[in-house]
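# Per-entry structural report
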Amino acid sequence: MSFSIGQRWVSLTESHLGLGMIAEFTGRQVTVSFPAAGEMRVYASNNAPLSRVLYGEGDTIRTADNRQLLVTAVEEFQGILKYTGTDEYGKSHTIREVQLDCFTQLIAPQQRLFSGHYNKKAPFQLRVETLNLLNDLQQSNAKGLIGSRTSHLPHQIYIASEVARRHAPRVLLADEVGLGKTIEAGMILHYQLHTGRASRVLIVVPDSLVHQWLVEMLRRFNLKFSIFDKARFDAIKAEGQENPFEAEQLVLTSLSFLAGNDQVSALANAAGWDMLIVDEAHHLHWDETQSSREYQCVEALSAVSEGLLLLTATPEQIGLESHFARLRLLDPSRFYDLEVFKAEEAGYQKLNEVVQRLQERDSLAGKEPLEDDLVHVLRDYLGDEAEQLISGEAANLELIIEKLLDRHGTGRVLFRNTRSAVKGFPERVLHTHALKCPALYEADMKRFSISGLTPERNIEDLFWLKIDPRVTWLTEFLKENRQEKVLVICAKESTASELEQHLRLYEGVRSAAFTESMSIIERDRAGAYFAETENGAQVLICSEIGSEGRNFQFSRHLILFDLPLNPDLLEQRIGRLDRIGQVHDINIHVPFIENTSQQYLYRWYKEGMNLFARPIGVAYSIYEQFAERLEAELCHPSERFEALLQEAAAKTESTLAAQEEGRDKLLELHSCNEEKAAEVIALIEDAEEGSQLQEYMENVFNLFGVDCEYHSENARILRPTEHMHSGYFPGVSDEDGTTITYSRKQALSRDDMQFVSWEHPMVVESMEMILNSEFGNASLATMAVKALKPGTLLLEAVFTINCVAPKRFQIEQFLPISPIRVLVDINGQDLSQVVPHDKLNTLCDNVKKPTGQALLKQVKSEIETMLEHATGFAEKQLPDIREQAQNTLQLKMMPELERILALKKINPSIRDEEVEYFRSCIEQGARAIGRSAVQLQALRLIVNT
Ligand SMILES: Nc1ncnc2c1ncn2[C@@H]1O[C@H](COP(=O)(O)OP(=O)(O)OP(=O)(O)O)[C@@H](O)[C@H]1O
């Protein structure tokens, strides 16, 4: 592509920007200003998604001073065009292309035909097909959920479909460790971005998870986030950008970077976000008297962000108070008082009893009237709504349960799935290794103490590596299991790094360390080295930092070099291996030194909580109740320890039973509805079935000049060629090729392939490129039908309904582009039904250029007449389409509004903005539909020969 300052180009991917103008060209980069949108874009000049705007003789152009000219001559001087044309009074004007109106984008199909420019039959057919496909996609109920590279897990799909469709969702995703909270957040985000409900997103995570999030968002959802750290932030500032956070739409950063600098945090707040995501949100400390810096930082951000997703596997890590701390971030006006919240929580037991009674009746399919006391309670819970649901032939129990759960206190803001509910997880196998206490530790008076849990830290030099029996045991284990990947977690950083060095340097083990003193890049490298199947590290030795969020499920051996006092940390440690994607049983090894506090702590976890067997969610609250006594026993063991274990075991059992009865059971019910999930999964599978996408895309590749080579059954290798239609094709720039697959199954096992679905950016951008340009919008064909006289002309016109409304209203769900196809002859006869589009395609042939151009000159007035007839027919359909759209709008949105108003009466967790959103959707939607108009998208003139 060659560029000169002042030339006019349009963006192939963002046509709404209007007519662009080259503002700067440095050889490698080209800067384009789009005055209509007030935006600038910088592109790599060899791969810019731009198309040159060239008008020819006979075209109509509009100038910046609103004059319309019929072009009579075009000249070029140093790459810039000069147009001469006549205005409506016949007066001649000459303008440079710089003076063109920046709101003009495309040349209308009829103008292209009049000026002798036309496409062959294939581009025209592709354009019409694209319009029809887009119409189907706009109406699909799986929209926004098709594009993620994930397997269909009901609990995730359910949460995603429930939350993603909300306006500015604010929820706490609190599934148990490893169940896929990141994936759920990604799905919600993908939906919101894909449907235009959100565009500016900030993700805040612990340092150690920045890279993992970057990779997961890209690999699974095709979302390219920019990592913001100090270096990046300073670099953007140095380029003159006042607020670096405004330079990108999708930003990923660490909590320590944000909270560590007041200026950074203030600028992040000032930038404003549609969606804020905070991972490992239990780190945000708050109590009624004070809050941590990190908490304050997220609190300020959550106030300027419309949507908020908080992720934590341990929502109640430090008890109800900390749980409340996160809820008040989600909705401060609803969760305003800790005491009120505590009282509400106590009432969930009662609500659960009601739900259980209803469920029992439902399973008996009883038609007898509900007992009076039940009716009474339901009235309390559901207010006016209860009457309607209870009365009638038989009470609609399922609907009542659904509404109770919907209106349940934290129901709308909290989702928590547990392993027991999700199922399909591997078995855990515990291996204990009781080891003799070495003399040096024996002599150490701290054998029974908190520091005795990590006795190696009481020894001054590296001598511990020689005498600690855990080291000897570990070395032997690694040598005996050379083919296995082994994850070791230690409580102390120095233990991890010294141990790793020892194994690597003195025992010849391929190992890597993963500790907090390493930089993020070093840690990511270590993680990648461990993940490598051939020649990778056999063992990764982590400090506690490795126990959070990371994906190590390719390993099935976890060695707990010591045990943490905090049970949540133990759950997190095991969660590294025990997560989705783990295909083996998990071996948990606990080497401990006999007759030390280590052995006691091991017994506490095994016999007191049985925590090696499964995560229990309430572990921290049990620990809290016994913490003092436990610590006393760890430091001064006594015969009371046995009683402590028994008491703790009984407490664990009773707490779990109460949990089953109480709030958590309700939460579980509300966090996954298998039936609804199955419906959405079926819709996604429907959209993926068959070969329609593959055939469509291969047609696109062919017509856009992209080389598409067979790789295997569902996979292809794409390469750019010199014959590419516009020098650019989305996602295809690598000379070595881009490998794609249309199969979700294959994509899940082949990270090196792009998963191309209907929502992949390559497909979405291809469709935009076709519809936002003149591609295929004017075509000329011949046919030879004996029943018609030679020289008979037919005009096939395709219109869409153009409706201007803010993107976030998603007006297309009520009024899709609805292509209207009309076929007319010169007498204004409507032949649309007589010869359908597909039939006509088989009859049409291409016309050679000189013949076609000569012919078009002669039939201009016939085209005008036929187009008038066609437009008339299309416009006749407009009132019906509008009416149907108004009905759909009412049908879809009124129940939503009514539901939200009903909810608001009894559940204050509904925010005013949510109600307002639905109201304005209905009002503004109705107005926009009323203003909709037909727009000509494509024309085909057919001459019978
Ligand atoms: N639907 C899915 N399809 C394929 N892989 C999945 C799916 N869901 C989760 N995974 C994989 O399972 C692992 C755990 O998922 P994820 O990291 O989202 O869990 P999490 O709940 O956030 O974990 P943690 O509690 O440790 O933070 C990841 O490797 C993820 O890629």
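Residues numbered from 1 in each chain as written. Predicted model: local features only at pLDDT ≥ 70, side-chain atom pairs only at ≥ 80, totals over all residues. Heavy atoms only, no water.

### Notes on the overall build of the chain
To keep it simple, the criterion reads: Secondary structure elements are defined from DSSP: runs of H or I of at least 4 residues count as helices, runs of E of at least 2 residues count as strands, and each element is numbered from the N terminus. Radius of gyration: over C-alpha atoms. The globule rule applied is 2.2 Å multiplied by the number of residues raised to the 0.38 power. Type-normalised accessible area, obtained with a 1.4 Å probe on protein chains alone, sets the label of each residue: buried when under 20%, exposed when over 50%, and partly exposed for intermediate values. Only heavy atoms enter the contact rule, under which two residues are in contact if any of them lie within 4.5 Å. Each accessible area value is a Shrake-Rupley result obtained with a 1.4 Å probe; residue values ignore everything except the protein chains displayed when judging cover. Positive charges come from Lys and Arg alone, negative charges from Asp and Glu alone, with His and the N- and C-terminal ends not counted. The location of each charge is read from NZ of Lys, CZ of Arg, CG of Asp or CD of Glu.
Scanning the chain for helices and strands turns up 34 helices and 31 strands. For a compact globule of 945 residues, the expected C-alpha radius of gyration is about 30 Å, and the chain comes in at 33 Å, within 12% of that figure. Expressed along its principal axes, the backbone C-alpha trace of the chain runs to roughly 110 × 75 × 55 Å. Taking all 945 residues of the chain together, the buried fraction comes to 55%. Across the chain, contacts joining residues at least 24 apart in sequence account for 72% of those joining residues at least 6 apart. Surface summary for the chain: the accessible area is close to 41,500 Å², and the carbon and sulfur share equals 49%. Within the chain, the 138 negative side-chain charges are centred at a point lying 4 Å from the centre of the 98 positive side-chain charges.

### Re the site of the ligand
The criterion, for reference: We call a residue near a molecule or strand as soon as one heavy atom of that residue lies within 4 Å of the molecule or strand. Any pair of nitrogen or oxygen atoms within 3.5 Å is treated as a polar contact; in protein, a donor-acceptor pairing is required on top of that, and neighbouring residues in sequence qualify only through side-chain atoms on both sides. As a working rule, the residues Ala, Val, Leu, Ile, Met, Phe, Trp, Tyr, Cys and Pro are called nonpolar, Asp, Glu, Lys and Arg charged, and the rest polar, with Gly in that last group. Note: domain ranges come from an automatic or database domain assignment.
For the ligand, the set of nearby residues contains 21 residues, the closest of which are Q156, K181, E216, Q553 and R579. In this structure, an oxygen atom belonging to the ligand sits 2.9 Å away from a side-chain N or O atom of R579. Listing elements by their share of the shell around the ligand, those giving two or more residues are α4 (181–194) and α5 (210–221). By residue number, the principal contributor to the shell around the ligand is α4, which donates three residues. Split into classes, the residues belonging to the shell around the ligand amount to six nonpolar, nine polar and six charged. If you count residues domain by domain, the shell around the ligand takes at least three from each of domain 3 (154–334) and domain 5 (429–660).

### What to know about the pattern of salt bridges
Counted only if it meets this: We define a salt bridge as a side-chain nitrogen of Lys or Arg found within 4 Å of a carboxyl oxygen belonging to Asp or Glu.
Scanning the entire structure with this criterion turns up 32 salt bridges. With its nearest N and O atoms 2.5 Å apart, the salt bridge here joins R219 to E216. Here R219 pairs with E216, and both are found in helix α5, just three residues apart, close to one helical turn. Linking K230 and D234 is a salt bridge whose minimum nitrogen-to-oxygen distance equals 2.7 Å. You can see K230 and its partner D234 sitting in helix α6 (residues 230–238), four residues apart, about one turn around the helix. The exposed category is assigned to K230, whose relative accessible area is 52%. Residue D234 is classed as partly exposed on the basis of its relative accessible area, which comes to 35%. Each of the salt bridges in this network shares a partner with another, and the network as a whole consists of E216, R219 and R220.

### Considering helix α11 (residues 338–346)
As a reminder, the rule being used: By definition, the arc is the one covered by directions from the helix axis to the C-beta atoms.
Considered for burial, the residues of α11 that qualify are L338, F341 and E345. Down the axis of α11, the smallest arc covering the buried residues is 60°, so these residues share one side. Seen from the open side of α11, the exposed residues pointing more than 90 degrees away from its buried face are A343 and A346. Where α11 starts, the residue carrying a side-chain oxygen 2.8 Å from the main-chain nitrogen of E339 turns out to be D337.

### Thoughts on the environment of G452
Here G452 is to be found in the loop between α17 (439–443) and α18 (464–467). Once the C-alpha coordinates of G452 and Q598 are considered, the two residues, 146 residues apart in sequence, prove to be 7.1 Å apart. Beyond its immediate stretch of four places on either side in the chain, G452 contacts K446, R447, S597 and Q598.

### Details of the packing of aromatic side chains
Keep this limit in mind: Planes of paired rings set the category: under 30 degrees apart is stacked, over 60 is edge-to-face and the rest tilted, where pairs are Phe, Tyr or Trp rings (Trp by its six-membered ring) whose centres lie within 6.5 Å. Note on criteria: charge over ring means Lys NZ or Arg CZ within 6 Å of the ring centre, with the direction from the centre no more than 35 degrees off the ring normal.
Enumeration according to the criterion identifies 28 aromatic pairs in this entry. Clustering of aromatic rings is evident, with ring pairs tying together F228, F233, F245, F257 and W273. Sitting above the plane of the W273 ring, R200 keeps its charged end 4.2 Å from the centroid.

### Looking at the sheet that holds strand β10 (residues 170–173)
Selection criterion: Strand pairing is assigned whenever DSSP identifies at least 2 bridges connecting the two strands.
Ordered by their spatial adjacency, seven strands build an open sheet running β12-β13-β11-β14-β15-β10-β16, and the pairing between neighbours is parallel. In the strand order of this sheet, the two ends are held by β12 (226–228) and β16 (414–415), each with one partner. Sheet analysis places strand β14 (residues 273–278) next to strand β15 (residues 305–311), joined by five bridges and oriented parallel. Its bridge partner being in β15, L276 is matched across the sheet by L308.

### Describing the sheet that holds strand β22 (residues 586–593)
Here is the rule: With axes taken as lines fitted to C-alpha atoms, and helix axes fitted only over the stretch in contact, angles between N-to-C directions fall between 0 and 180 degrees.
On the basis of which strands lie adjacent, the open sheet formed by six strands has the order β17-β22-β21-β18-β20-β19 and parallel pairing. This sheet does not close on itself; its edge strands, each paired only once, are β17 (428–435) and β19 (511–514). Along the sheet, successive strands turn relative to each other by an average axial angle of 20°, direction set aside. Direction of pairing for strand β18 (residues 486–489) relative to strand β21 (residues 557–560): parallel, over a ladder of four bridges. Directly across from L487, in β21, lies its bridge partner L558. Where helix α19 (residues 469–480) meets the sheet, it contacts β17, β18, β20 (539–542), β21 and β22, and its direction lies at approximately 150° from that of β22. On top of the sheet, helix α23 (residues 597–609) reaches β17 and β22; it is set at about 145° to β22, its chief contact.

### Quick notes on the side chain of N944
Within the secondary structure layout, N944 lies in strand β31 (residues 933–944). For N944, a relative accessible area of 1% gives the class buried. A distance of 2.8 Å separates a polar side-chain atom of N944 from the backbone nitrogen of V785. Filtering out sequence-adjacent residues up to four positions away, N944 remains in contact with M783, A784, V785, L788, K789, P790, G791 and T792.

### A look at the packing of α23 against helix α24 (residues 619–635)
Defined as follows: Each crossing gets its hand from how the near helix is turned against the far one by less than a right angle, where anticlockwise is left-handed and clockwise is right-handed.
Packing of α23 against α24 brings their axes to within 12 Å, and their N-to-C directions diverge by 145°. Relative to α24, the crossing made by α23 is right-handed. Note on element contacts: α24 touches α23 through A619, I622, Y623, F626, L630, E633 and L634, opposite S597, Y600, L601, W604 and M609. By residue class, the composition of the contact of α23 with α24 is 10 nonpolar, one polar and one charged.

### Points about the packing of α19 against helix α20 (residues 493–506)
Basically, it comes down to this: Angles are sorted into four bins: roughly parallel if under 35 degrees, roughly antiparallel if over 145, roughly perpendicular if 65 to 115, and oblique for all others.
Between α19 and α20, the shortest axis-to-axis distance is 12 Å and the interhelical angle comes to 50°. On the basis of their axis angle, the class for α19 and α20 is oblique. Seen from above, α19 lies across α20 with right-handed handedness. Contacts between α19 and α20 involve V471, L474, T475 and L478 from the former and L499, H502 and L503 from the latter.

### Here we look at the nonpolar core
To keep things clear, this is the line we draw: Side-chain atoms within 4.5 Å link the members of a nonpolar core, which is a set of buried Ala, Val, Leu, Ile, Met, Phe, Trp, Tyr and Cys residues.
Grouped together as the largest cluster of nonpolar side chains are 48 residues, with contacts concentrated most on W604 and F612. If you tally residues by element for this core, the top one is α24, at eight residues. Not counting residues up to four positions away in its chain, the partners in contact with W604 are M609, Y623, F626, L630, F641, L644, L645 and A648. Ranked by size, the runner-up nonpolar core spans 45 residues in total, among them I801, V847, L897 and V915.

### Section: the UniProt feature "binding site: ATP" (unreviewed entry) in the chain
Definition in use: UniProt positions are given in the numbering used here, feature names are shortened, and annotations may be inferred rather than shown by experiment.
Sequence positions flagged by UniProt for "binding site: ATP" (unreviewed entry) are, in local numbering, D175, E176, V177, G178, L179, G180, K181 and T182. Within the element layout of this structure, V177 appears in the loop between β10 and α4. Not counting chain neighbours up to four residues away, the residues in contact with V177 comprise A313, R419, E571, Q572, G575, R576, D578 and R579. Position of G180 relative to the elements: it lies in the loop between β10 and α4. Among all residues touching G180, those that are not within four sequence positions of it are Q156 and I580.

### Observations regarding α19
One full turn of an α-helix is made of 3.6 residues, so residues set three or four places apart face in the same direction. Stated precisely, the cut-off is as follows: An expected span of 1.5 Å times one less than the residue number is assigned to each helix.
The end-to-end C-alpha separation of α19 is 17 Å, in line with the 16 Å expected for 12 residues at 1.5 Å each. Buried within α19 we find P469, R470, V471, W473, L474, T475, F477 and L478.

### Overview of the environment of R821
Counting through the fold element by element, R821 comes out in strand β29 (residues 820–825). Put simply, R821 and Q853 are 32 residues apart on the chain and 25 Å apart in space, counted from C-alpha to C-alpha. The residues contacting R821, other than those within four sequence positions of it, are E796, A797, V798, S832, V835, P836, H837 and L840. Separated by 3.0 Å, the side chain of R821 and the backbone oxygen of S832 make a polar contact. Only 2.7 Å separates the side chain of R821 from the backbone oxygen of V835, close enough to count as a polar contact.

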